[in-house]
Structure formats: C-alpha cells, structure tokens
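Examination of the molecular architecture
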Protein chains: 4
Amino acid sequence: MTVSAPTKLWDKGYELDPRIEKFEIGDDTVYDNRLILPDVLGSIAHAAGLAKVGLLDGDVFWKLHGGLAQIADLAEDGEFSIEPGDEDVHTKIENWLTQQLGEAGKRIHTGRSRNDQVLVDLRLYTREAVLPVYGAVLEACDALLQMATEYRMLPMPGYTHMQRAMLSSVGVWAGAYLEALLDDLDLLDAAVKLNDQNPLGSAASYGVALPLDRQYVSDLLGFGKVQNNVLYAQNARGKFEVAIVQALTQVALGFSKLAQDIMLFTTSEYNFFSIDDSLLTGSSIMPQKRNLGAVELLRAKGQVMLSYQQQMLGVLIGLPAGYNMDFQETKRPFMEALDLIENSAAVVALTVSRLVPNENKMAEACSPELFATDAAYDLVLQGVPFRDAYKQVALSLDTLENIDPEAHLVKHTHQGTSGDLRLGVSSDKIAHRKEVLAKRAAELDAIKTGLLTGSAAGLPLPSPGPTNGSLPQPAGDASDR
Amino acid sequence: MTVSAPTKLWDKGYELDPRIEKFEIGDDTVYDNRLILPDVLGSIAHAAGLAKVGLLDGDVFWKLHGGLAQIADLAEDGEFSIEPGDEDVHTKIENWLTQQLGEAGKRIHTGRSRNDQVLVDLRLYTREAVLPVYGAVLEACDALLQMATEYRMLPMPGYTHMQRAMLSSVGVWAGAYLEALLDDLDLLDAAVKLNDQNPLGSAASYGVALPLDRQYVSDLLGFGKVQNNVLYAQNARGKFEVAIVQALTQVALGFSKLAQDIMLFTTSEYNFFSIDDSLLTGSSIMPQKRNLGAVELLRAKGQVMLSYQQQMLGVLIGLPAGYNMDFQETKRPFMEALDLIENSAAVVALTVSRLVPNENKMAEACSPELFATDAAYDLVLQGVPFRDAYKQVALSLDTLENIDPEAHLVKHTHQGTSGDLRLGVSSDKIAHRKEVLAKRAAELDAIKTGLLTGSAAGLPLPSPGPTNGSLPQPAGDASDR
Amino acid sequence: MTVSAPTKLWDKGYELDPRIEKFEIGDDTVYDNRLILPDVLGSIAHAAGLAKVGLLDGDVFWKLHGGLAQIADLAEDGEFSIEPGDEDVHTKIENWLTQQLGEAGKRIHTGRSRNDQVLVDLRLYTREAVLPVYGAVLEACDALLQMATEYRMLPMPGYTHMQRAMLSSVGVWAGAYLEALLDDLDLLDAAVKLNDQNPLGSAASYGVALPLDRQYVSDLLGFGKVQNNVLYAQNARGKFEVAIVQALTQVALGFSKLAQDIMLFTTSEYNFFSIDDSLLTGSSIMPQKRNLGAVELLRAKGQVMLSYQQQMLGVLIGLPAGYNMDFQETKRPFMEALDLIENSAAVVALTVSRLVPNENKMAEACSPELFATDAAYDLVLQGVPFRDAYKQVALSLDTLENIDPEAHLVKHTHQGTSGDLRLGVSSDKIAHRKEVLAKRAAELDAIKTGLLTGSAAGLPLPSPGPTNGSLPQPAGDASDR
Amino acid sequence: MTVSAPTKLWDKGYELDPRIEKFEIGDDTVYDNRLILPDVLGSIAHAAGLAKVGLLDGDVFWKLHGGLAQIADLAEDGEFSIEPGDEDVHTKIENWLTQQLGEAGKRIHTGRSRNDQVLVDLRLYTREAVLPVYGAVLEACDALLQMATEYRMLPMPGYTHMQRAMLSSVGVWAGAYLEALLDDLDLLDAAVKLNDQNPLGSAASYGVALPLDRQYVSDLLGFGKVQNNVLYAQNARGKFEVAIVQALTQVALGFSKLAQDIMLFTTSEYNFFSIDDSLLTGSSIMPQKRNLGAVELLRAKGQVMLSYQQQMLGVLIGLPAGYNMDFQETKRPFMEALDLIENSAAVVALTVSRLVPNENKMAEACSPELFATDAAYDLVLQGVPFRDAYKQVALSLDTLENIDPEAHLVKHTHQGTSGDLRLGVSSDKIAHRKEVLAKRAAELDAIKTGLLTGSAAGLPLPSPGPTNGSLPQPAGDASDR
C-alpha cells in the first residue's frame, strides 16, 4: 500500500536542508523496519494508558487499536515498511494513523515523545530478538555436547603456548567450549533482565505533567517492572543494549577461539579433523584448495563484535544526560551484533556437527614428550620430590618412551578430565534452558496476541465509549499561571 | 629479609637471553605483588588437597603451612615482595619454601602448574578486590541519594540535544545517576558470581593423571563451585576478569556522563552549581582560574576503561585453546580497572557531596520555552488533539509566558518524576547491599584466617603425621608402558 | 540485462551448505558493486599483460577488452550489478565474459587469483574514492577560512577546562580547525601514496611460475610503482586501507571537536551563534525545540570512525601471512569510513557557512576574569616578577574591571593570534591542493579512458592478431618433472 | 639533592582535597621524569625569547640559563627527579629556580602557561624518542634482510587460508615482512614531520597580549616551523602523539603477524624452524616444554598497541577546543607505545636472527597439491583455457606427482618472487635511513648542546646585561582600561 509523502511531526513551516536530512537519517530507516511491530505494541499500550487515566476516549482508543492492528498485519505482509525518505518508524506510523483515522491519529502522541517511544520499541525488540540467539547458542551447545559425549575418551594432544603439553581428549576439548557457552548465557540473562524495564512515560527525558499510569502500561506490555526515574530511562538508551552486546562478546570470544582451533587442527600439518565438503570453499586459481572460509569468518567476526561494542560504548560515553541524537548510532551495531551471534552460533553448530576426528593422526601426535610430566609423577610416587623429579626428567627427555595414549587416558580420573567430565551437568542445563526458552516465547506470544486482538487477559484494555474517569482539569486553570 | 637470587622453576641448564627475559617480564612483577596472599592461600589449600589424597605426608603439609603462613606475615610487613628480576610470584614463593624448608618446598608443586596457580590467585584476588569497589560505588550512591532527597523538588531545566527541553528537578537529575549505579551493581554481581569457581586442578590446562580431590580444595578456599572442565578453566583466564571489567565499564559510563554534566553545569554560562574550593585546581598563568580537574579526569577515565576492556578482549580473542603467554597482558588492565573504578567512585562521592545548587540560576534558566509542551497539554485538556495543539503552540512560541517553576513542578506527579521519585526503593537497595557486603567481607576473612591459622572450621585440614591413605601406585607399574 | 545463475569459479561438483554460503557472503556483495569498474580496468591491464608476454593471443585480448568495456557501460547504466546470490564481483565478471565470449572468458584468469584481483580493485577504488574526500574536506576548509577571515577580530571568550580563560576571537577559533584539517591532509597524502602500488602478479599470495611483466601492467594502470614482494602485497590487504582510515580518523577528531564546540556555543546558556533553521530538526513532543541533530551526529560519527579503525586493525592483527578470508571484514568499514568523512565534511562546510556569531552575547561573556592574566602582565611591565604579579591579582580578583574586548584584542599581536593569524598561508594551501586535486582527477580519467577505449597513450596495448612473442614452453617439458 | 616541599604555582590560599589531588596526579609524575630535559631546553629558549623582546633583562636570562643547565646536570646524575607528591615537572622546575635564584625564577613563566610548556616538552621528547624506535626497527629490518638473502631460494610451502597453497621460499617470507616495515617507516616520517612544529607562545590556548617572537624561539629549538594558530597548538595535544602511535600500530601489525607465523612454524606439527634455547622459556610442571614466550607476547603486544591508540583517540574525541585536563590521559599510552615498539623491534631482530630453517621439514611439506596450479598452467601452455585446465586438474588431484621444490622454484622468475626478489632495493633503503638517522641524532645533539652551553651557533642567545630593546609600555596605560 502507498502512504503519501510523510510530514515531519515537528513541521514548523521551514525546510531542513536535504543534505542535512540525508546525513541524519543515513541508513537508519533500514533498521527501523525491525521496530514496526514493537512500535505498534507500544502504541497500543500507551493509548490504553491514556484512556485509563481519562486522556483518551474509549472509542478513540479502539479506533487507534484497529489502525495499529492493521499496520501490524500490513507489515507482516510486507505492505508497510520504512523506506528511504521516511523520517523514522514513529513518524510513519503516526502519519498513517492520521491519514486513515483522522483526528484519532493526532491524539496518540499525547504524553509521549519519540524518545521514550524508541526506547520501548528497542526493549520490546530486544526481548524477542534474544530468543533466537539463545536458541542458536543452545544448538551450538548441543553439537558440542554430542561431540564431547561421542569422543570423550578419544586421545588428543593438549597444547599450551601452541606447543605439545599433556595428553587430553576430544571430549575435554569440545566440553571446554560447551561449558563456556553455558556460563556466557548466565551473563546474558543478567543483561536481558536489565532490559526488562518499561521506559514509557519518560517522554522526552523528563516525564510529563499529566497523570500517566506507568505501571498499567508496563503490565500491559508484560515488563518485569517500570524503569522508575524518567531521566534514567533516557540515559539507559544504548546502555542496556550494550550490556547485551557485552555478554554476547563473551560468546564471540569462545567462537573465535574455537575457530582458531579448528583452523589449526585442519591444516595439513595437524590434520586432526576431516571436514565435510559442504563447509569448504575453493580458490579461483588453485585447483586443490579446500578452504574453511566460514570458520575464518567466524574468527574475524569476533573482532567485528569488539568493534560493535566499542562503537556503542564510544558513542555513549561522555554524553550529557538526557536524549542526544548520538544515540542513533547505537542502533545498527546493536541489531547487527544480535544477528552476528545468531548466525555465528548456527555456523558453529553446523561445523562442529560435521567435524570428524582423524584418530590415527591424533594418536601419532601423542609423542613421548606429552608424557614427560607423567614420568616425573612416576618418580613422585616413588617418593622423589616433584621439583627434583621434574629436573631429572628434563635432563633425560630423550629416554622418554612411546606411551599408548588410550591406555594412559584412563588415568585422567579427577573432576573435569576425560574420566570425570560431567557432561550430564551441561546436558541438564541445556534441557532446562530450552524449557525456559519455550515458555518465554509462549509468554511473549500471548502478550502480543492479547494486545493485537484486544483480549489481554487479566489486564482489560479500556472499554469502548467515552471515558468513565473525569478528564484532568486543564493546567491552564491553575492560579499560578 | 633477603632471598637469594631466584632460580627458574624450569631451569634446564641454559640461559634465557636477558633481552628476551626483560621483554617477557616487563612490569608484570609489580602487579604480582598483589597476588602474594592469594598465592599463599591457594598453596595451602592445594597442599592440603595433596595430603588428603595421600600425595603429601601430613608432616610435610604442616611444614609447608608454616612456611606459607610466614610468607603471608612477611608480606604484610613489607618484607616479602616481588622485585624486578624475579620471574613471578609463584617462582618466588616456591623458591623461598625450598630455601627455608628444604625438600618440602620441592613437593608443593606436585599436581599443579603455574597456569592453574595464577588462575586461582586471580580469582581469590578478584573476590577481595571487588569489595572496596562495591563499597566505593555505594558511597557514590549515598551521595547521590542525599542530593536527590534534599533537592527532590528543586526546579532545574531538563535538556535534550543539549537544548532546553522541559522542566525537571535536581532530584530527578541526581536520582537518575543513582538508579543507574544500582542497576550496574546487578550486572557486576553476575560477573562476580562467574568468578566464583575453583580452577585448581586444571594444572597446565589438561589436569593431571593423579587422583586430585578438586571439590575438597574448592571447599577449603570457599569457592561456590569447582570450575569443571580443566581446559575451560584455562580458557577462562582473562575471560572472567573482563566480564568484571565489562560490568565496571557500565559504571564508568555513568561516571563519565555525570562528569560531563558537572562540567557543563559549572561553566560560567550555566552556573547551576557552586563547587567547593577543595575540588578545584588553578592555572599557572591565569590568576582567576578555578578548574574541575578531577571531574575532567573522571570524564577521561571512562575512555581509559574502554581501552582496558578493549585490551583484554583484544588479547584474548582468536587465541587457540589452552594456556598462552598472551594472557599475561590481561593482568595489568584488569587490576588497574578495579583501581580506577574504586578511585573514581570516591571522587564522585566527594564531588557530589560538595556540589551546591544555585537555585536562582536554575530558576532563571527555566525560561518560557521549557513550558511549551505544557501549553500544548493545556489545549489537549480542552479537547484539542495533541498534534494540532503542538502546531498551534509551535507557531506562537513568542506568546509563551513566564511560569513559576516551583509551582509547576508539583504537577509532575507520575512515577519517576519529582512528585513520585521513589528514592526509598534506592535507599533500601543501598542498605541491603551494604549488609550483604559486610557479610561477604566477614566470610572471606574467616576463610583466610582459617587457612592461615590452620583452623578451617568444618573442613579440617590434614592431620599431622604420615598420611593415612595409601599412596597411589606408581603409574610406571602399569603393564602398558 | 539478465545474467544466468553464476557458477562458482572453483566448482568441483559438490554443494556448499547454503547456511555457510550465506554466512560467508553476508552483505559483502553490496560493497562489491563499487568494485565493478576497478575490476574491469584491472582485468584489461592484466589481460594486456598476458598478451605482452605471449600468454594470450592479441585477438583474444581484444575480444576480452570488448567484453570488459561493455561491462563498464552496462554497469554505468545500472544494468550490471552484483546481487545477493552472486559470489563476488570477480566471479560475476568472469562468468559473464565466458557466457558472452566463450573460450576467451576462460583464459582471463590465467596467472592471477581473486586474491590479487581484489587487491588491485581496492587500490583503484581507493585512489578514486579519496578524491571527493579531499574535495569535501577542502570545502570545509573554505568555509572555515571564510569564517576566520570575516570574524578575525571579533572578540570571543577563550575557554580552557571549559572555564573562561582569556580573550580570543572567532577568527582564532575557526582558524584552529582550518589548520588542523590542512595538516590532516598531509597525513592522508602519505597513506594515499602507500596505496599507489600495483599488487597484480602476486596471485594467490606467492606469484606464479609464469613470466608475468608486472611493471608493464603497473604502468598501464598508472600506479606509482609495483608492490614488489608478492607475499607483502597480500599481507597489505586491509593494512593500506586502514592507513587511510587512520589519517581520516584525524579528520574525524577535528570534526568531533568542532561539533562539541558548536553544540556548546549554541545552547541557550552560551548563545554565541545563531544557526539557520535549515540545519535544525524538531521534537515530536516539544513545540519549541530546535535541535542540531546533524551536529550531534557529527560528534557521534567520530566514535563510529574509531570503531571502523578498530574493526579493521582488530581483524588484521595476529593473522598469519598470506591471504585469509578474514580480510573480507575490512571492506565494509573501509568503504563506509570514506563515505562517512566525505559526508561529514559536507555537513561541516554547510554548518560553518550558516553559523552567525551573536556579537553581543560573546561580548557579554567577556567578563573581567578573562583579563586577569593581562592585569598580571600590566604589573610585569612595571617590573613585578610574573609569579608575584599572578598572586597579587589572584588575591584581588574582585577588583578586576570591565574591559572592552575589541580594544583589547588589538594587543594580541604575536604570531598565531588574531593580530597575526596568517590566514593567507592556509588560503594558499587550499588553492594549491585544489589544483593538485583537479590534476589528479584528470590523470585518473585519462587512464580510465585509455584503458576502456584501448588508446592508452605511450603504453600501447597489445596488437590484434596472434602474439608476436613466442609462447613460453610448457613447464611440463622440463626434465625435472 | 633535596628540594623542599613544592608549592603549587596557582596557590591561592586554599587546600585541594588530598583525595582529589591523588586522583589527578595518579602515576603521571612517573612519566614526567622523561620531560625534565625537554622542559629545561624549552625553558631556556622561552627565556631567551623573553629577553629578545625586552621582557627579561639579559642578566636575568643568564641567571636562569645557569639554573636550568644545572637542573639538566642534576637530572643526568639522578639528583633531580619528579616524585610522588610533586605536582608536575613544570612546577618542580619553576619552584627550584625560585628557590635557587630568587626573583629570576619568578620571572620565567612570563608569557607562557604549563599548557604550551607541556606541549613543547612532548614535541622535544618525541623527536628524540623516535630515534631509537627507528633504530630498532632498522635492526629488525637488517635481520629480516639477512634471512631473506641467505634463504632466498630455500623452498617453503606458501599458505592461504592456513592451507597449503603454492610454492614459496623463506626469502619471500622474510622479505615480505621487511618491505612492510620499510613502508611503515614512511608513514612514521609523516607523523614525525607533523610533530616538528613549535607550540610555544600558544600559552594557555589563546596566546598572550605580549609581543612574543615565536619564530626566534622556534629557531632556537630547531623546530621545522612555528605551529601557527595558538588554539590549534593546544587542540593538537595528543593529536600529534596519536598520529605517531597510529604509524607505530602499522609496525605492530607486522610484528604481530610475524609472531603468529613463528608460533605456527615452530609447532611440532610444522617444525619449519629450529629456535635457539636462549629464546625459550619452560614450564613449571612439564619438563619437556620449550615455549616461545617472547614471541607470544609479541603477538599480544599488537593488541596492547591497539588499546593505546584507542585510549588516546577516545580521550581526545569529542573534547571541546582548548586545553582540557583529559589530555593528561594521553601521556602514558603515548610513552609506553614508543617503548613497546622499540622493545618489540629488538625482540624481532633477535628472534629472526636465531631462527634456523629446517630444510627437510619444509621440503616434506611441499606436497604434490602445492603444484596443482602449475599442473593447470602446463595445460594452459598447451593451449587449454585456464578455467578448463583448472577443472581438469581439480577432478584428478590424486594423479598429481611429487615435484622437486628446488627445481621448481627457479621458475618463479617474475618480480617479487624468489627469482627476482630485489632485496637490494630494501638494502639501499635501510642504508639510507641509517644515514639520515645518524644525521638527525647529531643535529639534535648540537641543538641541545648549544642551548645548554649557551653557544647556539647562528642564533645568538641574548647578551648579558640589561636589554637593549625598549620594554613594551604597560598595557595599563591604555585609555580604555
């Protein structure tokens, strides 16, 4: 559908220089398309809140509700979108409402600003957008768990300083990445919880002199709580998002390390893993090349995450309080960071599930020096102090003999080694997280459906008809003006 | 006391090029001094663990315990320290034990590596070092709370885009910073919890083929749990520390914003706050200058935090699994980041407590345009749709009249504005956090005292005398070798 | 025009997993569209080089030339572009040539790899893309020069530590930014010169065992020199680009500082400059708001530049030698950085040209304390040692009298102050740079035209007909194989 | 020698809160010790400039000269240093002069501020401190040149995507790093040239109303030119330093890449190089370990450089014009960045000179797939189009035969490959740079000696005795005051 040329909400009869306008909007509108549904939901709740305190008639509310629900439908069908030339999602929606509904559209912005509107949009967007991120990371966990389980006792040299160190197993290697990811999700939980605060009602940054019921609006939207101080709500723009990006950067750390390991272990020189053709790209010049392009990119994407985090923090730091236009530059890196981790996690899951250990190659690499420490421990068990045993072995390294790694691996019995890897703990955590995730997805769906269909259970939307409550008296009547 | 020239633990009869040695150690030893007590505590627990599983005689354990406790005493008196020329804290301590106790010293390193030793040192250091950080941030919270309480209803212009926007109050302004800090501490909690895992037993990165009892050692040290996978323990070096730095970067965001606000509001042009002489520095050339040097630095330190975070993440990302020497470069920025936030928080507390609002200046700055939105709301309350009201006011801005800000402020009644600022919630949070903090400090003191005096309650240290358990059989007996 | 589904150049009969393919390509193809013309030019020169050494018949060369020139035309008309689903610009072009020209297309990739192809594309792109950047920065210089000239003697308070310091002038203020930009361009020159090296012939990273004439190809493309070592050519991917970004970051430093100053000086509290409505945006809630959104973004874009620089350096650092897929992640930030500075410079030019000083406001702000140092100098001129004079004034600040700033400004006579601002030097530099820029643009146009029309002056392209030179003998004949 | 407790230059009878003072100074004084000699030289020139324009008697000048020369001597003997508790180097020196010389000391600060004083100190420091950096990088170049020369034709597999790609040589590998460093020094030249501007006379940021002769002072100090605009001089604080750090970051890129290659090529799996024991460190647990700790740190230090660059740029960006205290946070990362590169270059030189290729291991790694492209070229030379030849070979990779790499390497004849590596060009550049470096060192020594001994050739220092020029009239006489 066509929407006629948008008017700016703040139109005062002068024209913005088009070069300035282009500079300000940039490609921001691309990212605003992700905020259409959040903006609709936030607008329904805001309008309901206005009606609840008597600032909007019930009839007007339901008219707006109909229009907003229609926008959600149109957007789902690809028929409502933010295009270059549009100022932003908020303007587009208000203008559409006014064009379609007349005066009702002109009433919806009472008691709010685009500043708190974009905040609530981002919070609603975020709480949805993190779900597939959790999901993808859990898929990666599953792949790592499966690998660790299958190859728990498959001997593999362990490296420190990139030099052969001591005997390890494929299970220990895969399990290390698995446990890191599960810990990372705990950090992500804390950031996601921070995000679960309703900023609506903070308006431009300082609230309004109208008797808004912020708790009601917050409950309608299913937020954990109202973000209390109105200025804090605005100061939190970008801050909450970057808290999530910081947690995701921890995930990226693990992915990047895993990528570096895979790159190393799939060289001709190591050759510890065979890798499926479906993961490999070729060269335009060299007929023999089988490159792990995606794994290289996985490594590089870690750095990209660092630059997203840097950009967001850099933009925010040192800004004075209240809304600043600079905030806009935190939107793209935030959304791209979520995408990046979701996509990277999928690549990790796929890659790990298609890595096949070359047992012989690993066994060959379990050369005698890997067991030098064990030789020292043999002496220790005969009563030699460790430091003496160490030196004795160090000076006779050439006498170290070949050891069968499989036979030796069974001696790794203490917690956290292949003999006691406790993969069940991780498995339980994954299962529990999947349940929580499904439940949360259902919750959010119910909230969306409730708002869009007007049947929010427990929290009735305003009744049609004129408001029952009395409109607040015009402030203009106050004697002090 | 003098300790003779240290030998390297890995001495094999060749000399490291002194230029290489200097490059490797750099100023790292400076920071190792903070790890002396943690290293002592970790060593006591490790030795107890060895004794528990029969790898150390009870007598030897108590000998080592005596030496280690003595090092703790010497260090407290400034008589044991890591100096340029020493390799690191671990080497210094092992060498000292061997020099003082003979063979017992040579036994302590059984079943561990400096890799897991430095990990446990850092975890123990961190759990102590965050306490004064929490404390200092809570002091800053107190100062902000007091300011917000005292000036909750003192009118102040609110700014967006650095332009006058709507009426606000000093209470709202101070309260915004307060609530941000309290949220930040929730993020810090998650990172601190992550840190609360015992890495001992992971050895070089792959555990050892000895029957260590990692849970016992973990309990002795009072860790929340064992960090299970041994390779993950090593991969977590720097990772856990940077998780804490990421949370502290959120604190720095707030401090930097506050500093920018204070710089702005104390210019001659704003003049919203008088500031105590004790916070001001002068110029060498201009007799009149009264500069807020510390506040400027507070602003700059935010960027310093970003670079610490960047350095740590940059060093870590893309490293292959297992211990890598690169980790060393995460130590200094981590320790300095903790110091930076502790010191910055103290400056915030001091500065906020000495800022005195210039009521008249703020009132003067509450010029009519600050109430333009309210003029539109007056029309709204008379039934005019908001967007029309907005335009009507926008086109007649010159008719806006002076408003008494104090009288108007009372209309800011909804949650999060000056009329409903809910400072009690923050006050309760501060009080609760102080309690938790004091309790945690006591807990940690008890653990330290227990380990140093050998009276760990509940978890008895090994008995003197030869071990009761039978020593594990030498692995050299195994038929497969 | 429609090109049928592209085949991968390295097709070996297996399918890349589509999720991997999507991850690898991402939005990279968007940026590849900027490389179509460079790829055409590089391909013409490469083919000519092949013909020169007898690896291609003259007829085949001219057939390829015709096809490549046609691609250039189609691309100009928007009828040849890289779309999602295409692997990259190189593949698209080779496939098109093969489809249109048959066997000739299959010959063009002899002796090259996409690795050196993308390098030469980026170098050619860069040398063109920097021209409008220089141009836009010079426009900003012009605007600053005009402001500095017009208001050279207009008194303005000078600030240090954001506090009033000493008398300055609008001319000094604008001139400071002007001189910084001109210095920045010197740094940019060095980076641009670095970029002026022909990488073709480095192939995958190690050259080829064919007798390429790299100098001839370099001359055809008008490069300053051949980038000699083939592996260095590949290691320079991203490195040369980030050298340019580093220089542009210096420009961004200046823009960001200027933006911060403008934000400050256009607050109601300072009110030093009036700003044209065409630069201002409004609020959706506050009818009175006049926000300098573009200037705020200018400030934020400085941080965005830092993150581009960080991303590029982060991706590059620590990579092993030779081509790595990670390089791809340097392309987008590089291209966006060039755009960002070009657009920012245009906004600076526009904004500066529309700033109008409020002389009265600045004069009012020239309060007595601004002249405290001068009071000390009066004493100095009477023989009092400066430090004593300083203290004397410091202790009697309240006796400082009002000074007429205009009358005082004439005493600022030494070099670099308003009385001796030497704007002519900057003016001459701008003029000289504009000449150099125009000349360079003409040079590059001539090279492009020469290559596309086949009339490269001085450096004849190969003659039609079979090659005159004898083809090198097949290496297969060599006795050692 | 003992200097009594310093007084602050701006002392006005109130006390700075000691916590604020500590926060402001931090460890900044440590770095100020490097600025003692620069401060002395700048002060001599400044005082001479004052005398030249009649603001100082010749006798007073020579008294100050004597005191300053004495400070230089004392500092050289370690008897004058900046200690914790001192405010800064400038204060310490002025106070010392006043204590030793009485009134003369109180006159030296006429017409300057610590703001331009620290600027000139840093510029003088920088121009000296870059010399050993150049020197150390040239030593690294020498080592790489020697390796490239000795092993120019030693076959080595070339890698892309960390997979075996095509035949290369040790000479190509070492030469690639060599050429990169030489290019980096060109970038460094541009930044060093930028630094060569005299900022003295810019005072606090806005010059002074005294007739300073900035050109004379600039010439005395041997600067390339006066930095003209006084505000630009101040805005350049940190900016010029970070320009140098940006160039050095390019050097760090190369070092980090080299380190990664060495780490890879010295694994047991590659084993391409033997490495001298003097470069290796051991493990505390594993008797066999031979770790390249310094090379790992070289890799990590690249990231440290990025964080220094980030810190400096982050602190600077967005600051308003004029001196801001934030600048202080650029000093430490700048000085440490210079040290880091100097030390890293020394480690590179040492390490490269002690790497010994394992010829057999490299030859073994030259497996048949390395020659797949050459097999395709054989077909090309028989007339098969390259793309067809490529596919033909790709589908019959198992028929590739063993090739003797040495025999094949001679076919790498085009520019930039082992057959035409043009090391002479690099060798000439190194030689030329060493000459330039020695000349520059001599120049700077002559300037220093001239200033300290009072015998500046060509540019006579002021004569003893009262000034010949007439003192400027007190500004107090002006009718407008």
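Residues numbered from 1 in each chain as written. Chains lettered and ligands numbered in written order. Predicted model: local features only at pLDDT ≥ 70, side-chain atom pairs only at ≥ 80, totals over all residues. Heavy atoms only, no water.

**Some words on the nonpolar core**
- Judged by nonpolar contacts, the single largest core of 690 residues is most densely connected at Trp173 of chain A, Trp173 of chain B, Trp173 of chain C together with Trp173 of chain D.
- Beyond its immediate sequence surroundings of up to four residues, Trp173 of chain A is in contact with Met147, Met156, Leu258, Asp261, Ile262, Phe265, Phe273 and Leu355 of chain A together with Leu231 of chain B. (Core = buried A, V, L, I, M, F, W, Y, C linked by side-chain atoms within 4.5 Å. Buried < 20%, exposed > 50% of the residue type's maximum accessible area, 1.4 Å probe, protein only. Contact = heavy atoms within 4.5 Å.)

**Regarding the pairing of strand β1 (residues 155-160) of chain B**
Residue and element names in this part refer to chain B.
- Burial of β1 is extensive: six of the six residues sit out of reach of the surface.
- Here β1 shows a buried face lined by Pro155, Pro157 and Tyr159 and a second buried face lined by Met156, Gly158 and Thr160.
- Sheet topology note: the β1/strand β2 (residues 163-169) ladder contains six bridges and is antiparallel. Its bridge partner being in β2, Gly158 is matched across the sheet by Met166.
- Where β1 folds back onto β2 in an antiparallel hairpin, the turn is made up of two residues, including His161, whose phi is positive at roughly 55 degrees. (Helix = DSSP H or I, 4+ residues; strand = E, 2+ residues; numbered from the N terminus. Pairing = 2+ DSSP bridges.)

**Notes on the relation of the copies chain C and chain D**
- Mapping chain C onto chain D calls for a rotation angle of 180 degrees and an axial translation of 0.0 Å; the resulting RMSD is 0.1 Å. Seen this way, the second copy is the image of the first under a two-fold rotation axis. (Least-squares fit on C-alpha atoms with pLDDT ≥ 70 in both.)

**Examining the relation of the copies chain A and chain C**
- Once turned by 180 degrees and shifted 0.0 Å along the axis, chain A lies on chain C with an RMSD of 0.0 Å.
- An overlap of 100% is found between the interface residues of chain A and their copies at the interface of chain C, pointing to a shared contact surface.

**So, the packing of helix α8 (residues 170-195) of chain A against helix α11 (residues 239-265) of chain A**
Residue and element names in this part refer to chain A.
- The contact between α8 and α11 brings their axes to 7 Å, and the two run at 170 degrees. In this view, α8 runs roughly antiparallel relative to α11, as classed from their interaxial angle. Of the two possible hands of crossing, α8 and α11 adopt the one that is left-handed.
- A breakdown of the residues in the contact of α8 with α11 according to their chemical character gives 18 nonpolar, three polar and three charged. (Axes fitted to C-alpha atoms, helices over the stretch in contact; angles between N-to-C directions. Parallel < 35°, antiparallel > 145°, perpendicular 65-115°, else oblique. Left-handed = near helix turned anticlockwise from the far one by under 90°. Nonpolar A, V, L, I, M, F, W, Y, C, P; charged D, E, K, R; others polar.)

**Re the interface of chain A and chain C**
- Contacts between the two partners involve 61 residues from chain A and, on the opposite side, 61 residues from chain C.
- Together, Phe23, Ser284 and Leu297 of chain A form the three largest contributors to the area buried by chain A at its contact with chain C, with a combined 14%.
- Linking chain A with chain C are eight salt bridges.
- Across the chain A-chain C interface, the total number found is 24 residue pairs in polar contact (both at pLDDT 80 or more).
- Sorting elements by how many residues they give to the side of chain A that touches chain C places helix α12 (residues 293-316) of chain A first, with 15 residues.
- Among the residues making up the side of chain A that touches chain C, the classes are represented as 25 nonpolar, 18 polar and 18 charged. (Buried area = accessible area lost by both parts, 1.4 Å probe. Salt bridge = Lys/Arg side-chain N within 4 Å of Asp/Glu carboxyl O. Polar contact = N/O pair within 3.5 Å; in protein donor to acceptor, adjacent residues only side chain to side chain.)

**Side note on unusual backbone geometry**
- A positive phi angle, close to 55 degrees, is found at His161 of chain D, a residue other than glycine.
- As for its position among the elements, His161 of chain D is in the loop between β1 (155-160) and β2 (163-169).

**Overview of the side chain of Gln163 of chain C**
- The residue Gln163 of chain C is located in strand β2 (residues 163-169) in this model.
- We classify Gln163 of chain C as buried; its relative accessible area is 9%.
- Dropping the residues within four chain positions of it, Gln163 of chain C is found in contact with Thr266, Thr267, Ser268, Lys289, Arg290, Asn291 and Leu292 of chain B together with Gly158 of chain C.

**Brief notes about the interface of chain C and chain D**
- Facing the 129 residues of chain C at the interface are 127 residues of chain D.
- Between chain C and chain D, a total of about 10,700 Å² is buried, with carbon and sulfur atoms accounting for 57% of that surface.
- Per-residue buried area on chain C facing chain D is highest for Tyr206, Ile317 and Leu381 of chain C; these three make up 7% of the total on that side.
- Counting every contact that joins chain C to chain D gives six salt bridges.
- With its nearest N and O atoms 2.6 Å apart, the salt bridge here joins Arg387 of chain C to Glu94 of chain D.
- If one sorts the elements of the side of chain C that touches chain D by residue count, helix α8 (residues 170-195) of chain C sits on top with 14 residues.
- Here the side of chain C that touches chain D is built from residues that sort into 60 nonpolar, 42 polar and 27 charged.

**Looking at helix α1 (residues 18-25) of chain C**
- What α1 of chain C keeps buried is the set Ile20, Phe23, Glu24 and Ile25 of chain C.
- Elements that come into contact with the buried residues of α1 of chain C comprise α12 and α13 (331-353) of chain A together with α2 (28-32) of chain C.
- Here α1 of chain C starts with a cap whose side-chain oxygen sits 2.9 Å from the backbone nitrogen of Arg19 of chain C, and that cap is Asp17 of chain C.
- Looking one or two residues beyond α1 of chain C, the residue adopting positive phi is Gly26 of chain C, at roughly 50 degrees.

**Considering the domain arrangement of chain A**
- According to the domain assignment, chain A contains domain 1 (18-112 + 451-472), domain 2 (116-366 + 428-438) and domain 3 (368-418).
- Using only C-alpha atoms to locate each centre, domain 1 of chain A and domain 3 of chain A end up separated by 70 Å. (Domains from an automatic or database assignment.)

**Considerations on a negative patch on the surface**
All names here are of chain A.
- Together, Asp73, Glu76, Asp77 and Glu79 make up a negatively charged patch on the protein surface.
- Mapping Glu76 onto the fold places it in helix α4 (residues 58-76).
- Judged by its relative accessible area of 69%, Glu76 is exposed. (Patch = residues over 30% accessible without salt bridge, like charges linked within 9 Å, V, L, I, M, F, W, Y side chains within 5 Å. Areas by Shrake-Rupley, 256 points an atom, 1.4 Å probe, with all protein chains shown as cover. Lys, Arg positive; Asp, Glu negative; His and termini not counted. Charge placed at Lys NZ, Arg CZ, Asp CG, Glu CD.)

**Regarding the packing of aromatic side chains**
- Applying the stated rule across the entire model yields 66 aromatic pairs over all chains.
- Judged by centre distance (5.6 Å) and plane angle (80 degrees), the rings of Trp173 of chain B and Tyr177 of chain B are edge-to-face. Note that Trp173 of chain B and Tyr177 of chain B are positioned in helix α8 (residues 170-195) at a spacing of four residues, about one turn of the helix.
- By relative accessible area, Tyr177 of chain B is classed as buried at 4%.
- The ring of Phe23 of chain A has Lys301 of chain C sitting right over it, with the charged end atom 5.7 Å from the ring centre.
- Sitting over the ring of Phe80 of chain D, Lys92 of chain D keeps its end group 5.8 Å from the ring centre. (Phe/Tyr/Trp six-rings, centres within 6.5 Å; stacked < 30°, edge-to-face > 60°. Lys NZ or Arg CZ within 6 Å of the ring centre and 35° of its normal.)

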